[in-house]
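A closer look at the structure
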Amino acid sequence: MKAGFIAVVGRPNVGKSTLMNKMVNEKVAIVSDKAGTTRDSIKGILNYGENQYIFIDTPGIHKPKHLLGEHMTNVAINTLKEVEVIVFVLDGTQEISTGDQFVNEKIQEATSTPKVIVINKMDLLSDEELEAKMAEIKEKLGEFDAVVTMSAQYSMGIPRLLDALEPFLEEGVKYYPDDMYTDMPMYKAITEIVREKILLKTRDEIPHSVAVEIVNVERRENGKDRYDINIYVERDSQKGIIIGNKGKMLKEVGSESRKEIEELLDKKIYLNLWVKVKEKWRKKKPFLKEMGYYIED
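So, here is what we can say about the structure in this document.

Calculation criteria
- Along each chain, residue indices are assigned from 1 in the same order as the chain's sequence is written.
- Restriction of local features to residues with pLDDT of at least 70 applies here, the model being predicted, together with a cutoff of 80 or more for giving and counting side-chain atom pairs; totals for whole chains, interfaces and linings are based on all residues.
- Processing note: side-chain calculations cover all non-hydrogen atoms of the structure and skip hydrogens and water entirely.
- Helical segments are the DSSP runs of H or I of at least four residues, strand segments are the runs of E of at least two, and each set is numbered from the N terminus.
- A helix is expected to span 1.5 Å for every residue after the first.
- Using a 1.4 Å probe on the protein chains alone, a residue whose accessible area is under 20% of its type maximum counts as buried, one over 50% counts as exposed, and one in between counts as partly exposed.
- Whether two residues are in contact is decided by their heavy atoms, any of which lying within 4.5 Å being enough.
- Note on terminology: a nonpolar core comprises buried Ala, Val, Leu, Ile, Met, Phe, Trp, Tyr and Cys residues joined through side-chain atoms within 4.5 Å.
- When a carboxyl oxygen of Asp or Glu is within 4 Å of a side-chain nitrogen of Lys or Arg, the pair counts as a salt bridge.
- Being paired, for any two strands, means DSSP has found at least two bridges between them.
- The axes used here are C-alpha line fits, helices contributing only the stretch in contact, and every angle between their N-to-C directions lies in the interval 0 to 180 degrees.

1. Examining helix H8 (residues 248-265)
Relative to the 26 Å expected for 18 residues at 1.5 Å per residue, H8 spans 26 Å between its end C-alpha atoms, a close match to the ideal helical length. Burial in H8 covers these residues: Met249, Leu250, Val253, Gly254, Ser257, Ile261 and Glu262. Looking at the buried residues of H8, the elements they touch are helix H6 (186-201), strand E9 (225-233), helix H7 (236-243) and strand E10 (269-277). Asp266, located one to two residues past H8, shows a positive phi value of around 60°.

See below:
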């Protein structure tokens, strides 16, 4: 029996959350095509054979432009200090960028931690392109303990990755029960579902300007529980977009969120969404702390 914590890192929007969800075969992390979707570290737990793999999905490592971005990058970098092995995810269809090299600089600071590179989206690469990508990795990023090709979207390459990680797990330990696939608190999962629906329906600056908070839960013994949730944006114009014409957008977000939350809770609920303006909240330390983001003093 072996177990270990595995940091899944990379620049924003390379498929880290999709990879982790496929590894544990459950929806643990919300997924969208927007950079910065993941804002906190999220654990996904896979029991495979006698071994337990605890994947930690992290925000994309980048040079932050505000306090929220600083929190996200700090979460990812701090995770590197607490794991048995680091999985560095690359988008195999794109040239290795300065962003990838910035991530590599940060993970190389964890000098004694084994590092495995995942070339994601291998289904879109020819053999020649894959060979060229291997050479580019060696030239621009250096040597790694293993290089694994995968397509997270189609679950291709999962056994290869598990085999590459297994030697770095710690022997004789198990951290979580067999039936547990995440340690995310239920209320956090609910707010993430609402945020995901907004991400999927909006574009430009809106996704990055949204925060979600449960402000009230009313338990009812003989009826549906009621959840009141605030959606925060930074400007009145953003509030109008999320509400939509005659409330259409907000109704869609609420309906789709409620259905998924009911599946999660295995019970019917009332879900009330309110959109509020909190100017420049991503730069305001007290509000970020109130929302549960870790900001250093």
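2. Quick word on the nonpolar core
Ranked by internal contacts, the top residues of the largest apolar core, which has 30 residues, are Phe55, Leu161 and Leu165. Every element with two or more residues in this core is listed here: strand E1 (2-9), helix H1 (16-24), strand E2 (42-48), strand E3 (51-57), strand E4 (85-91), strand E5 (115-120), strand E6 (146-149) and helix H5 (158-165). Sort the elements by how many residues they give to this core and H5 lands first, with five residues. Setting aside anything within four residues of it in sequence, one finds Phe55 in contact with Ile6, Val8, Met20, Met23, Ile42, Lys43, Gly44, Leu46, Leu162 and Leu165. Formed by 27 residues, the second largest nonpolar core is a distinct cluster that contains Leu80, Leu90, Leu141 and Phe144.

3. Re the pattern of salt bridges
Two side chains of opposite charge can pair, provided their charged atoms sit close to one another. Under the criterion given, the structure shown has 27 salt bridges. Lys197 is the partner of Glu260 in a salt bridge, and the nearest nitrogen-oxygen pair spans 2.6 Å. Of this pair, Glu260 sits in helix H8 while Lys197 is found in helix H6, placing the two residues 63 residues apart along the sequence. We classify Lys197 as buried; its relative accessible area is 9%. For Arg220, the salt bridge goes to Glu218, with nearest N and O atoms at 3.2 Å. The exposure class of Arg220 is partly exposed, given its relative accessible area of 30%. Classification of Glu218 by relative accessible area gives partly exposed; the value is 33%. Here the salt bridges share partners, and the residues they tie into one network are Lys27, Glu196, Lys197 and Glu260.

4. With respect to the sheet that holds E10
In a beta sheet, neighbouring strands pair by backbone hydrogen bonds and run either parallel or antiparallel. An order of E8-E9-E10 is seen for the three strands of this open sheet, with the pairing classed as mixed. Both outer strands of the open sheet, strand E8 (211-218) and E10, are each paired with one neighbouring strand and no more. Along the sheet, successive strands turn relative to each other by an average axial angle of 20°, direction set aside. Across nine bridges, the pairing between E9 and E10 is parallel. Each residue of the ladder has a partner; that of Ile231, found in E10, is Val275. Its contacts with the sheet place H7 against E9 and E10, and it is angled at close to 155° to E10. Taken strand by strand, H8 contacts E9 and E10, and its axis lies near 135° from that of E10.

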